[in-house]
Amino acid sequence: MERRYMPVVIFLAAITVGIIIMVVISVVQNKPLYQKYKYGIVLDAGSSHTSVFIYEWPAEKENNTGMVQQKHTCNVKGKGISSYSANPQGAGASLQECMNEAKQKIPAHRHPETPVYLGATVLDSVALSLKSYPFSYQGARIISGQEEGAFGWITVNYLSENLRKPTGTLGALDLGGASTQITFVPQQKIESSDNSIDFRLYGNNYHLYTHSFLCYGKDQALKLSMGKKLESTLKTDPIELRDPCFHPGYKVPRTVPDVFNTPCTKELKLANENFLHVGLGNWSQCQQSIRKVFNTSICSYSKCSFNGVFQPSVYGDFGAFSAFFFVMDFLNLTSDSLATTKEKLAAYCSTPWEKIVGNHPKIDQKYLSEYCFSATYILTLLEDGYKFTSNNWKDIRFIKKIGDSDAGWTLGYMLNLTNMIPAEAPDMPLMPYGGYVTFMFFFALLILVLLLLVYLYFHRSTRTAQKDII
Ligand SMILES: Nc1ccn([C@@H]2O[C@H](COP(=O)(O)OP(=O)(O)OP(=O)(O)O)[C@@H](O)[C@H]2O)c(=O)n1
Ligand SMILES: [Ca+2]
């Protein structure tokens, strides 16, 4: 290499080093500094259970959809805290195991800033107990049915990442033990103000239809249905309640208060309180009997679901979770057509009780005996109640989780209370970090190639000039 080129080479080398340093610094400088995770705890005190949900998210990204994930869930032993009305102190104590698990799962230095929310039907003694933990207790709230429906909708759409995309959203169907909710974005006007709820999320407006039917959770619906049967039969047959929704050979002694010990059924006073609950296993008669708990004859709107409640036509895809999933999944009915579901269910309900028990020796017989009723109730609620048809039955997805997170109101509730779904879309970086690094790499490579070409051109042109001189 001739000496006179040295300055050029040094210049090019300096530029090259400078570019590499620039690229490395800007890549490192812009690396998202994922601080440690942040956490939130929500207690779902349902009518038949209490669950503790622990959520986590990268603090840096808390305003991005889909970033909050369920880290852990713990089911409180027994029937949940709403069963402690007679013994409120017991309610707080029952949470101990799950709350101690939460202390293990969440890094100790995060405890003071971790909010704890308690939702659904609750007891004050629980509040006292929750304040004794090192978390930041945010109070207990009775969640209204409308909120339960709306927060379930937020959960399933947040987890499906529908809230950032202009694509359609998922309707939400929640079936509990005491109540059931339906929430979706309708295609037509919402005629009753109690059934409409508006959200502005990430810059998009959502005008939701929602309704919560108290007493139409599957446990209360069973009491409604048995209550109607008792009213009509026990006057004539004070000994036996012959029930088509229970398997042939099923025979269990019950008392009238067992059925009427709920505000959902009006008191029925009968001289004889004991009766035998006898199964007939006749699916079509079962469906007929369940239809009696839905009043579809009164409607002062353009259209109703049942009991005079306005409901626009169902539209789009739906996520059906909680007991919708537990029941249909147990019977393997989550992916059949409506017609096939009915055929399978008729066969299942007519199966003798001792065969059912023999096939499921480990399942608690209280739950096991009710699957025929519960599945028939679900079908009747969806088809006769909400007006789903054989055409859009396939649009109902029976789900337990989306990703690692359970479908249910608790995640939506926490997102709302922690303002983690801003009304306006947060600025998105021009490109994701990975794209940025790739871009900088190829940009630097391009500059280097250009410099090399300049150098070669320069070198060749001086060589040519020399030859001319010679
Ligand atoms: N693995 C499970 C869990 C629950 N269930 C039943 O499913 C129903 C609803 O459960 P859940 O969603 O927990 O109801 P809750 O939240 O307790 O009821 P609500 O929302 O009405 O308060 C209850 O009958 C429960 O016995 C079930 O069959 N299998
Ligand atoms: Ca529930």
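Just so it is clear, the structure is predicted and the values come from calculations on it, not from any experiment.

## Re a nonpolar patch on the surface
Here is step 1 of the chain: Taken together, F441, F442, L445, L446, V449, L450, L452, L453 and L456 make up a surface patch of nonpolar side chains, about 860 Å² in accessible area.
Here is step 2 of the chain: Residue classification places F441 among the partly exposed residues on the basis of a relative accessible area of 46%.

## Notes on the site of ligand 1
Here is step 1 of the chain: Near ligand 1 lie 16 residues; those nearest to it are S47, S48, H49, A178 and D219.
Here is step 2 of the chain: At 2.8 Å, a backbone N or O of G177 approaches an oxygen atom of ligand 1.
Here is step 3 of the chain: One of the side-chain nitrogen or oxygen atoms of D219 is found 2.7 Å away from an oxygen atom of ligand 1.
Here is step 4 of the chain: Across the complex, the protein chains shield 81% of the 610 Å² of accessible surface that ligand 1 would expose by itself.
Here is step 5 of the chain: Across the shell around ligand 1, the residue classes tally to 5 nonpolar, 8 polar and 3 charged.

## Topic: the packing of helix α8 (residues 283–291) against helix α13 (residues 371–385)
Here is step 1 of the chain: Packing of α8 against α13 brings their axes to within 10 Å, and their N-to-C directions diverge by 60 degrees. Taken together, the axes of α8 and α13 are oblique relative to one another. Remark: the crossing between α8 and α13 carries right-handed chirality. Seen from α8, the contacting residues are W283, C286, Q287, I290 and R291; seen from α13, they are F373, T376, Y377, L379, T380, E383 and D384.
Here is step 2 of the chain: Per-class residue counts for the contact of α8 with α13 are 6 nonpolar, 3 polar and 3 charged.

## Remarks on the UniProt feature "binding site: ATP" (unreviewed entry) in the protein chain
Here is step 1 of the chain: When the UniProt feature table is mapped to this numbering, "binding site: ATP" (unreviewed entry) covers G177, A178, S179, T180 and Q181.
Here is step 2 of the chain: Within the secondary structure, G177 sits in the loop between β6 (171–175) and β7 (179–184).
Here is step 3 of the chain: A relative accessible area of 12% means that G177 is categorised as buried.
Here is step 4 of the chain: The residues touching G177, leaving out its near neighbours within four places in the chain, are S47, G217, K218, D219 and Q220.
Here is step 5 of the chain: Summarising the element assignment, S179 is placed in strand β7.
Here is step 6 of the chain: On the accessibility criterion, S179 (12% relative accessible area) is buried.

## Re the UniProt feature "transmembrane region" (unreviewed entry) in the protein chain
Here is step 1 of the chain: As annotated by UniProt and renumbered to match this structure, "transmembrane region" (unreviewed entry) occupies residues 7–28 and 433–458.
Here is step 2 of the chain: Between the C-alpha atoms that bound residues 7–28 the distance is 31 Å, and the span itself is 100% helix and 0% strand.
Here is step 3 of the chain: Counting secondary structure, residues 433–458 comes out at 100% helix and 0% strand; the distance between its end C-alpha atoms is 37 Å.

## Side note on the side chain of E148
Here is step 1 of the chain: Residue position: E148 is located in helix α5 (residues 145–159).
Here is step 2 of the chain: For the buried residue E148, which engages in no salt bridge, the nearest side chain bearing the opposite charge is R141, 11 Å off.
Here is step 3 of the chain: Within polar-contact distance, the side chain of E148 engages the side chain of Q181 at 3.5 Å.
Here is step 4 of the chain: Other than its neighbours up to four places away in sequence, E148 contacts I143, D174, S179, Q181 and W409.

Reading the values: rules and limits
- Residues numbered from 1 in each chain as written.
- Chains lettered and ligands numbered in written order.
- Predicted model: local features only at pLDDT ≥ 70, side-chain atom pairs only at ≥ 80, totals over all residues.
- Heavy atoms only, no water.
- Patch = residues over 30% accessible without salt bridge, like charges linked within 9 Å, V, L, I, M, F, W, Y side chains within 5 Å.
- Areas by Shrake-Rupley, 256 points an atom, 1.4 Å probe, with all protein chains shown as cover.
- Salt bridge = Lys/Arg side-chain N within 4 Å of Asp/Glu carboxyl O.
- Buried < 20%, exposed > 50% of the residue type's maximum accessible area, 1.4 Å probe, protein only.
- Near = heavy atom within 4 Å.
- Polar contact = N/O pair within 3.5 Å; in protein donor to acceptor, adjacent residues only side chain to side chain.
- Nonpolar A, V, L, I, M, F, W, Y, C, P; charged D, E, K, R; others polar.
- Axes fitted to C-alpha atoms, helices over the stretch in contact; angles between N-to-C directions.
- Helix = DSSP H or I, 4+ residues; strand = E, 2+ residues; numbered from the N terminus.
- Parallel < 35°, antiparallel > 145°, perpendicular 65-115°, else oblique.
- Left-handed = near helix turned anticlockwise from the far one by under 90°.
- Contact = heavy atoms within 4.5 Å.
- UniProt positions renumbered as here; feature names shortened; annotations may be inferred.
- Lys, Arg positive; Asp, Glu negative; His and termini not counted.

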